[in-house]
Amino acid sequence: MNLLFSSIKGRLLALFLSAFFVVLTGLGFFLYNKLEGIVIGSIDNHLHSEVQLIAGLLETEEEGPELELSEAAIGDYATPLSGHYYQVVLPDGRVLARSPSLSIPGKRLPHVRGILLEPVYTTATGPRGEPLRLLAQSFRLPDGEVVTIEAAESLEEAYELLRLFRNTLLVVFPAVFIISGLGVLFIIVWSLRPLERFSKKIGTITERNLNERIEETRGSELSSLAKSFNTMLSRLEESFERQKRFFTDASHELRTPTAVIKSVCDVTLSRKRTAEEYEEALEKIKQATERLSGLIGRLLEVSRLEGKLSSLKLEEVDLKDLTEDVVRLLDPAAASSNIAIGLKGDGVKVHGDRERLTEAIKNIVDNAIKYNRPGGRVDIELEKKDGWAMIILRDTGMGIPQDKLCRIFERFYRVEESRKIGGTGLGLSIAKSIIDAHRGRIEVESEPGVGTTFRVVLPKR
Ligand code: ADP
């Protein structure tokens, strides 16, 4: 039972059946009462005209009301115990006249006492024990005497009609209920079939077939769900592909220094060497190890970042202080390449992770020094505009060809011309991830042989 109600189908069906049950029961009661009203109403109308007719006859009866109102005593009134009766009663209870249908000793209509100026309708038991509808009304005769005219009609036929109607309802309504329930169940199952297909399809999707998509049936309520799901699949596929590419590229990058170490060891150990030769070999191994450790450090940083804003330690950071720290850190490297670094602009405060932002700016300034010409310049400028803080970094370096500009933020991407200069191809992708996580952006412009300008834009709040 619980299982039935926990499914959408079960709940929809239960909802429909209970609503339909209430509607059908209400409709049944309404129709029955309406029919009962119509039937009793028509009997009452008939009785009313009968009473009026008898009253009219009494007023014109010349030989006195004791006679059996010969003009009224016809038809059903003439047949004994036919279910159609009338009687004229005096206030003391004496019967003045009655229909021949009552002319059996001991049989009479129940007497409604009192003087009844308005017609009084009641339901009573007749001489045969049958249910009767009875109308009583008092009239004053021309001789001043007050009489009460009672006319009655058996309710047996009306009750039989109502019973038949009730029985029909009791057969028809449950049948309608069951047929509609089955119909609705069919519609629900049929309507939810795409959802089942949908969930089956989702169940078959693994990392191996992330390129598959769910059919987006137009016009169906499920189409927006399928669309969102397909968008999610595309994003998953993209991220999965990125991860795969990252893994391959990382392995490839790690292999180069490892291969250098191995080959230096193999060559050096192939025979006895002099102390100088061992020293030279160790120096090469040291360089390769430094490259390896630098690469591993960057890889760790990349995997830690992944654009997660939640992992940032947010605080108020003055970009002027931060840039000064970066310049101080990289000053020895700049000095060794004879590159001057200039910094201008006022302090701009942003809400960010000081350590990460320092890392991002350091990577960009590091590149500006690394890919510069001896005696070149790096100019850093701080600006604020509307709700944004900007760090503009201009260098006088080798520049980046236009067609490569869009790729420099990709992991492991390195411009061909700059490959002879040491690097991992990860610095800018790390910087971009950090700035993205701060809901900022990095823009770049470059002219080969003239220099490159990076613009880091961060929201002030
Ligand atoms: P790398 O560790 O190789 O510097 P990055 O991700 O920091 O890796 O940069 C990617 C590539 O973009 C670099 O290899 C270089 O070719 C190019 N690049 C980045 N900054 C500059 C710059 N200021 N001037 C010229 N080329 C640059």
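Residues numbered from 1 in each chain as written. Predicted model: local features only at pLDDT ≥ 70, side-chain atom pairs only at ≥ 80, totals over all residues. Heavy atoms only, no water.

### Considering the pairing of strand 12 (residues 451-459)
- Judged by how many residues are buried, strand 12 sits mostly within the fold: eight of nine residues are covered.
- In the sheet, strand 10 (residues 388-395) pairs with strand 12 via seven bridges, with the strands oriented antiparallel. In the sheet register, Arg394 faces strand 12, and the bridge partner there is Thr453.
- Pairing analysis gives seven bridges linking strand 11 (residues 441-447) to strand 12, with the strands arranged antiparallel. Looking across to strand 12, one finds that Glu443 is bridged to Arg455.
- Linking strand 11 back to strand 12 in an antiparallel pair, the connection comprises three residues, with Gly449 at a positive phi of about 85 degrees. (Buried < 20%, exposed > 50% of the residue type's maximum accessible area, 1.4 Å probe, protein only. Helix = DSSP H or I, 4+ residues; strand = E, 2+ residues; numbered from the N terminus. Pairing = 2+ DSSP bridges.)

### Re the environment of Ile285
- Here Ile285 lies in helix 5 (residues 275-305).
- The spacing of Ile285 and Val457 is 172 residues in sequence and 41 Å in space, taken between C-alpha atoms.

### Observations concerning the domain arrangement of the protein chain
- Per the domain assignment, the segments making up the protein chain are domain 1 (10-161), domain 2 (226-307) and domain 3 (315-459).
- If you average the C-alpha positions of domain 1 and of domain 2, the two centres end up 108 Å apart. (Domains from an automatic or database assignment.)

### A look at the sheet that holds strand 2 (residues 95-98)
- Overall, antiparallel pairing links the five strands, which are arranged 2-1-5-4-3 in an open sheet. In this open sheet, the two edge strands, each paired with only one partner strand, are strand 2 and strand 3 (120-125). Within this sheet the neighbouring strands show an average axis-to-axis angle of 25 degrees, counted without direction.
- As judged from the six bridges shared by strand 1 (residues 84-89) and strand 5 (residues 146-154), these two strands associate in the antiparallel manner. (Axes fitted to C-alpha atoms, helices over the stretch in contact; angles between N-to-C directions.)

### So, the site of the ligand
- Not every one of the 21 residues close to the ligand is listed here, only the nearest: Asn367, Tyr371, Ser418, Thr424 and Leu428.
- Within the side chain of Asn367, one N or O atom sits 2.7 Å away from an oxygen atom of the ligand.
- Between an oxygen atom of the ligand and a main-chain N or O atom of Gly427, the distance comes to 3.3 Å.
- Its free accessible area being 530 Å², the ligand has 99% of it covered by the protein chains.
- Elements with a minimum of two residues in the shell around the ligand: helix 7 (354-370), helix 9 (427-437) and strand 12.
- Examining the composition of the shell around the ligand, we find that three residues originate from one element, helix 7, more than from any other.
- Of the residues in the shell around the ligand, the class split is 10 nonpolar, eight polar and three charged. (Near = heavy atom within 4 Å. Polar contact = N/O pair within 3.5 Å; in protein donor to acceptor, adjacent residues only side chain to side chain. Areas by Shrake-Rupley, 256 points an atom, 1.4 Å probe, with all protein chains shown as cover. Nonpolar A, V, L, I, M, F, W, Y, C, P; charged D, E, K, R; others polar.)

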